[in-house]
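Chains, contacts and geometry: an overview
Each chain, letter by letter, is given below.
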Amino acid sequence: MAVEGEEEKTKSFKLLGILDIQNIPCARGAVLHGSAASIFVGLGHFLATSRVKRSFDFGVGGFILTTLGSWFYCRYNNAKLRIQQKLIKDGLKNKVMYEGTSLDPTRKQNSSQGGGS
């Protein structure tokens, strides 16, 4: 029975059989944004022109553009966040390592300020 529970946890939703929505970062949000945009673009174009095939084409184009735009925006922000986290982690590691030694940058600042008074 425990094996069945593990199998249910590893199952995931795949879009078109290739895109694993649950395990790929930003995929779910990008597909949802693209779907909403395709509905609005397609419906808006249909209401403006009453041309069904052209409206469908505009909807598909809106889906593709919005999905890719949302995907790259989210991935860019995630990469930027990981870089900031790495810098903070390295900074804290250096602070702990050099704290109280002669290489401590805060100690140099305090001694130069104290000597001038």
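Residues take numbers from 1 onward in each chain, read along the sequence in its written order. Predicted model: local features are reported for residues with pLDDT of at least 70 only, side-chain atom pairs are reported and counted for 80 or more only, and whole-chain, interface and lining totals are derived from all residues. Side-chain metrics rest on all non-hydrogen atoms present in the structure, leaving aside hydrogens and water.

**Details of the overall build of the protein**
Counted only if it meets this: Every helix listed is a DSSP run of H or I at least four residues long, and every strand listed is a run of E at least two residues long, numbered separately from the N terminus. For the exposure calls, accessible area comes from a 1.4 Å probe over protein chains only, and a residue counts as buried if that area is under 20% of its type's maximum, exposed if over 50%, partly exposed in between. Only heavy atoms enter the contact rule, under which two residues are in contact if any of them lie within 4.5 Å. Only the protein chains shown count as cover for residues, and the accessible areas themselves come from Shrake-Rupley with a 1.4 Å probe.
Check the secondary structure of the protein and you find 4 helices and 2 strands. In the protein, the succession of α and β elements from N to C terminus is α-β-β-α-α-α. The buried share of the protein, reckoned over its 117 residues, is 15%. Restricting the contact set of the protein to residue pairs at least 6 apart, pairs at least 24 apart contribute 44%. Surface accessibility of the protein: about 9700 Å² in total, with carbon and sulfur atoms responsible for 64%.

**Side note on the UniProt feature "transmembrane region" (unreviewed entry) in the protein**
Rules: UniProt positions are given in the numbering used here, feature names are shortened, and annotations may be inferred rather than shown by experiment.
With numbering matched to this structure, UniProt assigns "transmembrane region" (unreviewed entry) to residues 30-48 and 55-73. Taken end to end, residues 30-48 has its terminal C-alpha atoms 27 Å apart, with 100% of it in helix and 0% in strand. Here residues 55-73 runs as 100% helix and 0% strand, with 26 Å between its end C-alpha atoms.

**Digging into the state of the cysteines**
Quick reminder of the rule: The rule for a disulfide is simple: a pair of cysteine sulfur atoms within 2.5 Å.
One pass over the full model with this rule turns up 1 disulfide. Note that Cys26 is cross-linked by a disulfide to Cys74, the S-S spacing being 2.0 Å. Handedness of the Cys26-Cys74 disulfide follows from its S-S torsion of about -70°: it is left-handed. With Cys26 in the loop between strand S2 (19-20) and helix H2 (27-49) and Cys74 in helix H3 (residues 52-98), this pair connects stretches of sequence that are 48 residues apart. The class of Cys74 is partly exposed, set by a relative accessible area of 25%.

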